[in-house]
Amino acid sequence: MSSSLDLPQIVVVGGQSSGKSSVLESIVGRSFLPRGTGIVTRRPLILQLFNTSTKESKSSEGSKPKDIQGSLNEYGEFLHMPGRKFHDFSAIRQEIVAETERLTGRNKGVDATPIRLKIYSPYVLALTLVDLPGVAKIPVGDQPHDIEKQIQNMCLEYIQNPNAIVLAVTSANTDLANSDAIKMAQSVDPLGLRTVGVLTKVDLMDQETDCADILNNLVIPLRRGYVAVVNRGQKDIVSDMQIRDGLIKEEKFFRTHAVYGKDRNLLAKCGTPRLAKNLNSMLMHHIRDVLPDLKTRITHMMSDVQTEIDTLGSPALTSRSSRGGALLGLLSKFANNFGSLLDGHGAKDANAKMKNSTTQNELWGGARISYIFTEVFASSLISVGAFDGLTNEEIRTTIANANGTRPSLFIPEISFDILVRRQITRLEQPGIQCVDLVYEELQRIASQAEPNELTRFPLLRDRMLEVVQTLLRRAMNPTQLMVSNLVKIELAYVNTSHPDFVGGSQAVAGLMSRLGKESKRGIPRTPLLSSPKGNQYDEGDDEDENLPTSKDVPPGNASGIMSVVFRGTQSPTPRKVAFDNSGTSIVHLSKPPQTMKQTDVPMSDREQVEMEVIKSLIESYFAIVQKNFIDMVPKTIMYFLVNHVRDSLQNELVKELYRDAEVGQLMNEAEDIAERRERCNETKELLGKALDIVNEVRDFNTFK
């Protein structure tokens with residue numbers, strides 16, 4: 001499982017040579033930790049103590065010597081050497097050294113990979129302890145230059161666990177204010193709610209001095225207080241004094257001490273047995289405090305493990321009929337999941353990708369396709385203007401080209417046809433892009449629709465996705481072709497009789513109305529409707545005075561009904577006149593340019609009116625086609641692509657994959673499935689035991 005439980009445990013921290021290892025050995029009652037100078041503990045040691053005492057062992061305990069009885073009931077087991085029991089604790093020490101050097105070498109470097117050791121004994125209390133390297137300030141020999149930072153990070157990794165009790169070990173013959181262990185504990189537990197102070201080497205304090213003030217919590221207060229211990233000295237270790245004999249010596253020291261022995265309250269805070277008992281009680285209380293959250297996490301982890309077990313399924317199918325039935329079931333489930341995701345019902349058996357996604361905060365399945373239709377395609381197309389990429393000069397030139405050799409009586413319809421077709425053609429590319437976007441979303445939905453059981457059969461999964469990809473690609477071509485045909489249909493017949501189309505007369509009327517409103521608002525009148533003899537709409541006694549005469553009409557505009565609309569006059573362009581020797585005038589024509597452009601000539605009033613009318617017609621008709629295209633493209637994609645793939649998916653999968661010759665190969669499990677299934681079953685069993693233990697702790701009376 002990727003997630004882990006931050007279980008309650010006791011983490012031992014302290015400086016070098018502060019007596020951490022001696023405290024742990026005293027709690028266990030056996031000498032099993034490496035000793036020496038400098039950094040001896042170079043990898044975290046997770047030590048689990050299990051009490052093996054029973055009524056039978058207790059009754060027979062007096063019939064055998066303590067050493068013989070201990071050798072039979074006491075042993076250790078390493079996690080990296082499962083099944084092997086170490087009854088010789090010196091062999092445990094050697095294995096710790098060997099396992100440490102296997103990763104760190106012999107250069108006194110450190111490594112954060114823990115060594116896990118279980119010790120079974122009738123003389124221990126049930127505890128989980130973590131021994132960490134002592135804090136070093138300066139690298140020695142081949143140690144890395146950042147040895148201090150490495151050790152601090154390693155210690156912080158364990159004591160930052162909110163469920164950990166910090167056992168801060170400090171030598172009693174040093175100033176408590178300089179304690180590395182207390183300082184590190186305060187960095188993660190500033191209120192001292194889960195820190196226990198341990199004072200070692202009390203017997204080495206100067207005469208007439210004691211640690212009574214510290215034990216009474218008067219120096220640096222800790223919520224869980226301090227405990228003083230006396231470990232075996234170097235002389236005792238050399239003389240091979242047994243730890244249990246050392247515990248007897250420790251008890252005698254405190255009982256006969258002038259300060260500790262006379263104060264019952266102080267005596268209750270002294271001695272390794274008292275420390276072990278207090279730690280056991282603290283751990284049980286601490287477990288009960290974190291029990292609700294711990295139980296919830298265990299329950300969730302069991303649910304996740306069970307889900308994975310269901311995903312991995314039962315052991316591999318052997319008979320042909322059972323494999324064929326399982327294959328059809330997977331194909332049907334995949335097709336149903338695909339359809340459910342499209343319809344917004346959600347897959348009943350979605351894969352891990354779907355379950356881990358934040359479906360409450362983002363769209364998924366068919367809703368993403370709808371978003372593409374409405375927010376991506378439609379919004380983008382609505383923002384497309386009727387004259388995007390089309391300039392007034394191009395409109396003017398197109399009208400001039402449509403007139404041919406002489407100006408037409410009316411605005412040439414062919415110019416409108418040419419320009420509106422050009423603008424309609426621009427709609428095709430967004431439609432094709434919309435098809436591509438929906439295609440990608442269908443691929444996403446296909447990956448989300450995979451049943452959980454499909455992870456067992458990687459070959460089947462690959463073939464299934466291959467069939468889906470083939471089906472999608474096959475449906476893409478007719479969909480894109482139909483979207484292109486929608487544009488071609490619009491280009492095939494420009495329906496100027498459409499009820500929503502403004503038409504030529506309405507366009508001219510609209511232009512005249514606009515100009516009239518501008519005139520009423522006091523906007524200076526353009527030359528479009530001006531006359532040298534007054535406005536044509538001005539009232540007068542002689543109507544003929546307002547009518548243009550042949551000399552009032554510019555030569556270029558002498559024909560055409562459009563000349564009635566704009567009555568302006570233009571002075572003829574002066575021409576150059578030359579005279580020969582006899583005095584006869586000769587007219588010379590300028591040479592026409594190789595490339596003729598309408599923009600080289602100033603725009604006349606007639607051209608301006610024609611351009612405004614054409615623009616009004618283009619805008620009206622483009623809006624009609626745009627609206628139709630926004631409506632028809634999603635319908636086309638749904639019919640030719642989405643619905644087609646959904647309706648034919650299951651039949652396609654069965655046709656391509658359900659073949660007698662391939663069923664056995666497709667239903668072969670991945671190589672690691674059996675191992676994963678076994679690991680999940682073991683994890684489920686362990687979590688079940690953990691839940692039982694939690695329930696036992698809930699019912700345990702810590703005040704007995």
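Residues numbered from 1 in each chain as written. Predicted model: local features only at pLDDT ≥ 70, side-chain atom pairs only at ≥ 80, totals over all residues. Heavy atoms only, no water.

Colleague: Which parts of the structure should I look at to understand the overall build of the protein chain?
Modeller: Across its full length, the protein chain holds 23 helices and 10 strands. The buried share of the protein chain, taken over its 704 residues, is 42%. Across the protein chain, the fraction of contacts at a sequence separation of at least 24, relative to all contacts at a separation of at least 6, is 80%. (Helix = DSSP H or I, 4+ residues; strand = E, 2+ residues; numbered from the N terminus. Buried < 20%, exposed > 50% of the residue type's maximum accessible area, 1.4 Å probe, protein only. Contact = heavy atoms within 4.5 Å.)

Colleague: Please clarify how the confidence of the model for the protein chain should be interpreted in this entry.
Modeller: Counting all residues, the mean pLDDT for the protein chain is 78, and 76% of those residues have values of 70 or more. Confidence scores differ between elements of the protein chain, with helix α2 (residues 55-60) showing the lowest mean pLDDT of 46 and helix α18 (residues 428-448) the highest of 93. In this model residues 55-70 is a low-confidence stretch, pLDDT under 50, and it forms 15 contacts with partners more than four residues away in sequence or in other chains. Below a pLDDT of 50 lies the segment residues 525-571, which in the model reaches 62 contacts outside its immediate sequence neighbourhood of four places, other chains included. (pLDDT = per-residue confidence, 0-100.)

Colleague: I would appreciate a short explanation of the packing of aromatic side chains in the present structure.
Modeller: We describe a pair of aromatic rings using the distance from one ring centre to the other and the angle between the two ring planes. In the structure shown here, the tally under the stated rule is 11 aromatic pairs. Look at Phe 32 and Phe 89: their rings are 6.5 Å apart centre to centre, the planes differ by 65°, and that puts the pair in the edge-to-face class. With Phe 32 in the loop between α1 (20-28) and β2 (45-51) and Phe 89 in helix α4 (residues 89-104), this pair connects stretches of sequence that are 57 residues apart. Per residue, the accessibility class of Phe 32 equals that of Phe 89, and both read buried. Ring centres of Tyr 75 and Tyr 120 lie 4.9 Å apart, and the angle between their planes is 20°; this geometry places the pair in the stacked category. (Phe/Tyr/Trp six-rings, centres within 6.5 Å; stacked < 30°, edge-to-face > 60°.)

Colleague: Before we go on, may I ask you to explain the pattern of salt bridges in this structure?
Modeller: As a working rule, side chains carrying opposite charge can pair if their charged atoms are close by. This structure, assessed with the given rule, holds 17 salt bridges. Note that Glu 74 is salt-bridged to Arg 244, the shortest N-O span being 3.1 Å. Separated by 170 residues along the polypeptide, Glu 74 in the loop between α3 (66-73) and β3 (75-78) and Arg 244 in helix α9 (residues 243-256) bring together distant segments of the chain. Taking relative accessible area as the criterion, Arg 244 reaches 17% and is therefore assigned buried. Measuring nitrogen to oxygen at the nearest pair gives 3.8 Å for the salt bridge that ties Lys 655 to Glu 652. Taken together, the positions of Lys 655 and Glu 652, both in helix α21 (residues 605-657) and 3 residues apart, correspond to about one turn of that helix. Ionic contacts of the salt-bridge type, sharing partners, join the residues Arg 30, Glu 74 and Arg 244 into one network. (Salt bridge = Lys/Arg side-chain N within 4 Å of Asp/Glu carboxyl O.)

Colleague: Got a minute to help me understand unusual backbone geometry in this structure?
Modeller: A negative phi angle characterises most non-glycine residues, just as the trans form characterises most peptide bonds. Although it is not a glycine, Lys 201 adopts a positive phi angle of roughly 55°. Along the chain, Lys 201 falls in the loop between β7 (195-200) and α7 (212-215). The residue Asn 217 is not glycine, and still its phi comes out positive at about 65°. Within the secondary structure, Asn 217 is located in the loop between α7 and β8 (226-228).

Colleague: What should I look at first to understand the sheet that holds strand β6 (residues 164-171) in this one?
Modeller: Two modes of strand pairing occur in sheets, parallel and antiparallel, and in both the strands are linked by backbone hydrogen bonds. One open sheet accounts for 8 strands, arranged β3-β4-β2-β5-β1-β6-β7-β8; its pairing is mixed. In this open sheet, the two edge strands, each paired with only one partner strand, are β3 and β8. Adjacent strand axes in the sheet meet at a mean angle of 25°, parallel and antiparallel pairs treated alike. Here α1 sits on the sheet and contacts β1 (9-14), β2, β4 (115-121), β5 (127-131), β6 and β7; the angle it forms with β5, its principal contact strand, is near 160°. Its contacts with the sheet put helix α11 (residues 272-289) on β1, β5, β6, β7 and β8, and the angle it makes with β6 is roughly 155°. (Pairing = 2+ DSSP bridges. Axes fitted to C-alpha atoms, helices over the stretch in contact; angles between N-to-C directions.)

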